[in-house]
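# Geometric and topological summary
Read off the chains here:
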Amino acid sequence: MRVGIETGERLFAMNEDQRKKSQIKIINRLAGALAHNKRVLRQKHQQNRHIMQTSIMLFLYIMAMTVMVMAVGDPLDGLLPRA
């Protein structure tokens, strides 16, 4: 709690020019943080889109192979003796 008071005292102890420079520095750092977050969110969105596309393609592949096996029949039919 003392840190906040010291920081406040330091801000009030600054002259107008120093206070403006400090505020500009804070604003620039916040803008940089926002730009970084925007890049990270865009990358995550693209990764999620690729995961969804891959999942759909894998599902369609499995369905196609299932239909193909059902259409062709049992591949071991006739190779094994009847019980």
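Note: the structure precedes this text.
Structure report, in brief. Not measured: the values here are computed from a predicted model.

### Points about the overall build of the protein chain
The number of helices and strands found in the protein chain is two helices and zero strands. Looking at the protein chain as a whole, 1% of its 83 residues qualify as buried. Surface accessibility of the protein chain: about 8,100 Å² in total, with carbon and sulfur atoms responsible for 66%.

### Considering the pattern of salt bridges
One pass over the structure, following the stated rule, counts two salt bridges. With a shortest N-O distance of 3.7 Å, Asp17 and Lys21 are connected by a salt bridge. In this pair, Asp17 and Lys21 are both assigned in helix H2 (residues 16-72), four residues apart and thus about one turn of the helix distant.

### Notes on a nonpolar patch on the surface
Residues Ile56, Leu58, Phe59, Leu60, Tyr61, Ile62, Met63, Met65, Met68 and Val72 make up a contiguous nonpolar surface patch of about 1,000 Å² in total accessible area. By the secondary structure assignment, Met65 is in helix H2.

### Examining H2
The end-to-end C-alpha separation of H2 is 84 Å, in line with the 84 Å expected for 57 residues at 1.5 Å each. Two to three positions downstream of the cap, the backbone nitrogen of Asp17 sits 3.2 Å from a side-chain oxygen, assigning the N-cap of H2 to Asn15. Count one or two residues on from H2 and you reach Gly73, which has phi positive near 105°.

Cut-offs used in this document
- Residues numbered from 1 in each chain as written.
- Predicted model: local features only at pLDDT ≥ 70, side-chain atom pairs only at ≥ 80, totals over all residues.
- Heavy atoms only, no water.
- Helix = DSSP H or I, 4+ residues; strand = E, 2+ residues; numbered from the N terminus.
- Buried < 20%, exposed > 50% of the residue type's maximum accessible area, 1.4 Å probe, protein only.
- Areas by Shrake-Rupley, 256 points an atom, 1.4 Å probe, with all protein chains shown as cover.
- Salt bridge = Lys/Arg side-chain N within 4 Å of Asp/Glu carboxyl O.
- Patch = residues over 30% accessible without salt bridge, like charges linked within 9 Å, V, L, I, M, F, W, Y side chains within 5 Å.
- Expected span 1.5 Å × (residues − 1).
- Polar contact = N/O pair within 3.5 Å; in protein donor to acceptor, adjacent residues only side chain to side chain.

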